[in-house]
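Now for the letters of each chain:
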Amino acid sequence: VIYEQEGVFIHSSCGKNDDQDSLISGILRVIEKENEVIVDWRPLDDTLDTSNILCAGKDSSSVVEWTQTPKEKCSRGADRPSSYEAEWDMVTTVSFKKKPHSNGDATTHANGESKWSFLFSLTDLKSIKQNKEGMGWSYLVFCLKDDVKLPALHFHHGDSKLLIKCLEKHVVLNESPQDKRVLLVNSQNKSLSQSFENLFDEPSYGLLQKLKKDPYTVTMGRFSKVTNYIFDSFRLSDPSNQRRPPSEMADFLNDAIPGLKINQQEEPGFEVITRIDLGKQPEVSRREPVSAEEWAKNMDSDGRILNVDYIKQSIFKGGLCHTLRKEAWKFLLGYFPWNSTKEERANLQKMKTDEYFRMKLQWKSVSEEQEKRNSRLRDYRSLIEKDVNRTDRTNKFYEGEDNPGLILLHDILMTYCMYDFDLGYVQGMSDLLSPVLYVMENEVDAFWCFVSYMDQMHQNFEEQMQGMKTQLIQLSTLLRLLDSGFCSYLESQDSGYLYFCFRWLLIRFKREFSFQDILRLWEVMWTELPCQNFHLLLCCAILESEKQQIMDKHYGFNEILKHINELSMKIDVEYILCKAEAISMQMMNCKELPQAVSEILGIECSSVTPDSDNGEDESGAVLSCPTSLYQSISTPVTAANGTTDSTQQMSETQS
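Definitions and cut-offs
- Counting starts from 1 at the beginning of each chain's written sequence and moves along it residue by residue.
- Reporting in this predicted model follows two pLDDT cut-offs: at least 70 for local features of residues, and 80 or more for side-chain atom pairs to be given and counted; totals over whole chains, interfaces and linings ignore these cut-offs and use all residues.
- As a rule here, side-chain values cover all heavy atoms of the structure and leave hydrogens and water aside.
- Helix numbers and strand numbers start at the N terminus; a helix is a DSSP run of H or I with at least 4 residues, a strand a run of E with at least 2.
- To sort residues, take the accessible area from a 1.4 Å probe on protein chains only and compare it with the maximum for the residue type: under 20% means buried, over 50% means exposed, and anything in between is partly exposed.
- Here, two residues are considered to be in contact whenever any of their heavy atoms come within 4.5 Å of each other.
- Note that accessible areas follow from Shrake-Rupley with a 1.4 Å probe, and for residues the cover is restricted to the protein chains shown.
- Here the rule is simple: two strands pair whenever DSSP picks up at least two bridges between them.
- The axes are straight lines fitted to the C-alpha atoms, using for helices just the contacting stretch, and the angles between their N-to-C directions are given from 0 to 180°.
- Salt-bridge detection follows one rule: a side-chain nitrogen of Lys or Arg within 4 Å of a carboxyl oxygen of Asp or Glu.
- Geometry of aromatic contacts follows a simple scheme: Phe, Tyr and Trp rings, the Trp one being its six-membered ring, pair when their centres are within 6.5 Å, and the pair is stacked under 30 degrees between planes, edge-to-face over 60, tilted otherwise.
- Counting as a charge over the ring demands two things of the Lys NZ or Arg CZ atom: a distance within 6 Å of the ring centre and an angle within 35 degrees of the ring normal.
- We call two N or O atoms a polar contact when they sit within 3.5 Å, provided that within protein one can donate a hydrogen and the other can accept it, with sequence-adjacent residues counted only if both atoms are side-chain atoms.
- pLDDT is a residue-level measure of predictor confidence that goes from 0 to 100.
- Side-chain atoms within 4.5 Å link the members of a nonpolar core, which is a set of buried Ala, Val, Leu, Ile, Met, Phe, Trp, Tyr and Cys residues.
- Per the annotation, domain bounds derive from an automatic or database assignment of domains.
- By this rule, a helix spans an expected 1.5 Å times one less than how many residues it contains.
- For classification, angles of less than 35 degrees are called roughly parallel, those exceeding 145 degrees roughly antiparallel, those between 65 and 115 degrees roughly perpendicular, and all remaining angles oblique.
- In a left-handed crossing the near helix is turned counterclockwise from the far helix by less than a right angle, and in a right-handed crossing that turn is clockwise.
- Note on residue categories: nonpolar means Ala, Val, Leu, Ile, Met, Phe, Trp, Tyr, Cys or Pro, charged means Asp, Glu, Lys or Arg, and polar means any other residue, Gly included.

K.L.:
What is the right way to look at the overall build of the chain in this model?
P.N.:
A count of helical and extended segments in the chain gives 23 helices and 13 strands. For the chain, the residues scored as buried account for 54% of the 655 residues in total. Expressed as a percentage of contacts within the chain between residues at least 6 apart in sequence, the contacts between residues at least 24 apart total 67%. Looking at the chain as shown, the accessible area adds up to about 30,200 Å², and 47% of this sits on carbon and sulfur atoms.

K.L.:
Is there a simple way to explain the sheet that holds strand β10 (residues 173-175) in this structure?
P.N.:
The strands that make up a sheet pair up through hydrogen bonds in the backbone, lying either parallel or antiparallel. Read across the open sheet, the nine strands follow the order β6-β3-β2-β1-β9-β8-β7-β11-β10; overall the sheet is antiparallel. On the outer flanks of this sheet lie β6 (118-121) and β10, each paired with one strand and no other. Here the strands of the sheet are splayed against their neighbours by 30° on average, with no regard to which way each runs. As paired strands, strand β8 (residues 138-144) and strand β9 (residues 153-155) are joined by three bridges and run antiparallel to one another. Bridge pairing in β9 places Y139 opposite H154.

K.L.:
Can you walk me through the pattern of salt bridges in this structure?
P.N.:
Close approach of charged atoms allows side chains of opposite charge to pair. Scanning the entire structure with this criterion turns up 24 salt bridges. Note that R511 is salt-bridged to D431, the shortest N-O span being 3.1 Å. Pair noted here: R511 is in the loop between α18 (502-506) and α19 (515-526) and D431 is in helix α14 (residues 429-440), with a separation of 80 residues, a long-range link. A salt bridge links E574 to R520; the shortest N-O distance between them is 3.7 Å. With E574 in helix α22 (residues 573-588) and R520 in helix α19, the pair connects residues that are 54 residues apart, well separated along the chain. We classify R520 as buried; its relative accessible area is 14%. Because the salt bridges share partners, they merge into one network encompassing R286, R325, R520, E523 and E574.

K.L.:
How should I be thinking about the packing of aromatic side chains in this particular structure?
P.N.:
Enumeration over the complete set of coordinates arrives at 26 aromatic pairs. On the basis of an interplanar angle of 10° and a centroid distance of 6.5 Å, the ring pair of F118 and F120 is categorised as stacked. In this structure F120 comes out as buried when scored by relative accessible area, which is 0%. Ring geometry for Y453 and W522: centres 5.1 Å apart, planes at 70°, overall edge-to-face. Within this pair, whereas Y453 is found in helix α15 (residues 443-457), its partner W522 is found in helix α19, the two being separated by 69 residues in sequence. An aromatic cluster of three or more residues is present, and its members are Y356, F357, Y416, Y419, F447, W448 and F450. Above the ring of W448, the side-chain terminus of K352 is found at 4.1 Å from the ring centroid.

K.L.:
Before we go on, may I ask you to explain the side chain of E36 in this structure?
P.N.:
Looking at where E36 falls in the secondary structure, it is placed in strand β3 (residues 36-43). Classification of E36 as buried rests on a relative accessible area of 17%. Within the structure, E36 has its side chain in polar contact with the side chain of S121 (distance 3.1 Å).

K.L.:
Hey, could you run me through the confidence of the model for the chain in this one?
P.N.:
Caution applies to low-pLDDT regions: their predicted coordinates should not be interpreted in detail. Here the chain shows a mean pLDDT of 74. Residues at 70 or above account for 65%. For residues 222-250, every residue scores under 50 in pLDDT, and the model assigns this stretch 50 contacts once sequence neighbours within four places are set aside. Taken together, the stretch residues 606-627 has pLDDT below 50 and engages in 28 contacts with residues farther than four places along the chain or on a different chain.

K.L.:
It is not clear to me how the pairing of strand β7 (residues 125-130) should be interpreted in this structure. Could you clarify?
P.N.:
Residues in a regular strand point their side chains to alternate faces of the sheet. Bridge analysis of β7 against β8 gives five bridges, and the strand direction is antiparallel. Across the sheet, S127 pairs through a bridge with C143, a residue of β8.

K.L.:
Would you mind going over the pairing of β8 with me for this structure?
P.N.:
In terms of burial, β8 is largely enclosed, as seven of its seven residues are buried. Going residue by residue along β8, you find S138, L140, F142 and L144 tucked away on one face and Y139, V141 and C143 tucked away on the opposite face as well.

K.L.:
Would you mind going over the nonpolar core with me for this structure?
P.N.:
Note on soluble globular proteins: their nonpolar side chains tend to be buried together. With 124 residues, the main nonpolar core has M429, F461, F509 and M587 as its most contacted residues. A domain-level breakdown of this core finds at least three residues from each of domain 2 (266-319 + 464-604) and domain 3 (323-460). Membership of the second largest hydrophobic core comes to 30 residues, among which are V30, F118, L163 and L183.

K.L.:
Would you mind showing me how to read α14 here?
P.N.:
Turn by turn, an α-helix covers 3.6 residues, leaving residues three or four places apart pointing in a common direction. Compared with an ideal rise of 1.5 Å per residue, which puts twelve residues at 16 Å, α14 spans 17 Å between its outermost C-alpha atoms and is within 8% of the ideal. Most of α14 sits out of view: twelve of its twelve residues are buried. Along α14, the residues that are buried comprise M429, S430, D431, L432, L433, S434, P435, V436, L437, Y438, V439 and M440. Just downstream of α14 lies E441, where phi reads positive at about 55°.

K.L.:
Would you mind showing me how to read the environment of V30 here?
P.N.:
As for its position among the elements, V30 is in strand β2 (residues 22-33). Judged by its relative accessible area of 0%, V30 is buried. Setting aside chain neighbours within four positions, we find V30 in contact with V1, I2, Y3, V37, I38, V39, L163, C166 and L167.

K.L.:
Sorry, what's going on with the environment of L119 here?
P.N.:
One can find L119 in strand β6. Distance in space between the C-alpha atoms of L119 and V39 is 5.4 Å, their sequence separation being 80 residues.

K.L.:
Honestly, the environment of S495 in this entry has me stumped. Any pointers?
P.N.:
Relative to the assigned elements, S495 resides in the loop between α17 (484-492) and α18. By relative accessible area, S495 is classed as buried at 0%. For the pair S495 and L561, spaced 66 residues apart in sequence, the C-alpha to C-alpha distance is 8.5 Å. Not counting chain neighbours up to four residues away, the residues in contact with S495 comprise L490, F500, F557 and I560.

K.L.:
Just checking my understanding: could you explain the packing of helix α13 (residues 404-419) against α15 for this structure?
P.N.:
Pairs of packed helices are described in terms of their axes, by the angle between the two and the distance that separates them. With their axes 10 Å apart at the nearest point, α13 and α15 run at an angle of 50° to one another. Taken together, the axes of α13 and α15 are oblique relative to one another. As α13 packs across α15, the resulting crossing turns out to be right-handed. Touching L408, D411, I412, L413, T415, Y416 and Y419 of α13 are E443, A446, F447, W448, F450, V451 and M454, all from α15. Taken together, the residues that form the contact of α13 with α15 break down as eleven nonpolar, one polar and two charged.

K.L.:
How do you make sense of the packing of helix α20 (residues 534-552) against α22 when you look at a structure like this?
P.N.:
Between α20 and α22, the shortest axis-to-axis distance is 8 Å and the interhelical angle comes to 110°. Regarding the angle of α20 to α22, the classification is roughly perpendicular. Every residue of α22 that contacts α20 at F534, L537, L538, C540, A541, I542, E544 and S545 is listed here: Y575, I576, L577, K579, A580, E581, I583, S584 and M587. A class-by-class count of the residues in the contact of α20 with α22 yields twelve nonpolar, two polar and three charged.

Laid out in structure tokens, this is it:
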């Protein structure tokens, strides 16, 4: 019970005199139980005879259905006092007969008499209507999603505001633009309107609720604490029994992302991946970052990039020196076309500057009164302000409370809400913007680069989370091909759903690497080399690096999540880039790459017959293995230990 209030009355005029209310005293509670939050009201006097009025019962299709009892309804006098509000008409004719609730907390009399008691789940609540100020006792009227109004509850012994505050911990309530007395329940995904909050001071149930309803918020938090709460909450009541029911936690987390099924063998349209020998992972080296001099040499007199493939390959193999990022990132993100001239880019910037400030003016010119009537804009602003205040301050660009970088971060995110009002602001977007703004040091350029980045990441933040579901399934497919034994071990520990990778995918490892390392990682990924979905191979590289410790120490569900979470800021970016590239080459060199994997990586793989070990088909024609652009260009490289391989030099080609 998270809220309880006595002296909450229903005023019924079904007494002896139709012009006199019958006061029914009761107790109002808000209860957390079995994956839902329930509002429950029941009278103190269970002897009330309500057999002659309407009753409501649970059914499978709606929260309540109205049914007429065989006996006569309570008469409704025509001389009803005119001061009564419209909702009172419902009170005069409605009562509730509670059927046994699925949670087991409903009570019914053996003689089957109906009661005024009612309960409903917060997931079925549509709106709450409050009383007019100065009208006497405060009261609330709950309206459910099928437009059924419940009896008005009058708070004789206290204020209703405490109840509203309690409910706001579980649902988002916005003032109706048509009627300020009406609070509308925001039906959007909580991730669209809820900022980071301290999830870990709550009881374990509250945390589980948030995990199921809002995986965005929970997975952005510290998983090590999350898992302890999860683990404890699923232990049996006997303290000596520390084991969870088999697969119970996996089922729960799969439900957290509806439609996510990691087992491709049962998933229609997925190829069953059998054990395939991928061969040994090749040795991979990295080169020095692309310098400003090297970049300038690859431009003609008009400022056009001469050899785009070489530049992309060089960035993939070594990244960029920091002074070059401000210019090169605009190409990598698609803000500047690769074949554009310096003059064309200047004209584009001028046009985009005008467009940006027109959008910025839209929200800047909204008055406080107008914003009060626009709940979505108000919610976006509130959420952005909270997230901006939580920006990582380890970077000097964002140090201090009134830092110009933080102000620009806020303004760009607000303007993005004007650009894509349907998506608006979702938690995690500020993580994607902050490195871009840091590099650009310019509001307009940072905005349009962020727009281009969000075009790539858009599906991660959509309400149905289809992009996240797809990536987790694809990651499982790749990992199973890479190491089916490790996959089987994870499944045996209820971890086969790979939910611990959610944060990696959602914000592209932003919280797993240091600020400087994430700049390197992102620019490498933006080259789109050596294949599509390279970020999934980065996930595989990290997991494969941790495989031995996880399996040797026999980590269970809780330990796996805790271990993965604690990798944050401890991963060597150059090592992981080398390993992910080696995995890509390993898969591309496979002559029997499964079709599902080929599609994920965006490569064409020619299959060979079991007898064709030499790579020839029956006609004697040589079958080509999957190739990628980066394999055909040799570049000067630097190994992880810093030594230069002088044998691999690239001839500068001009196009």
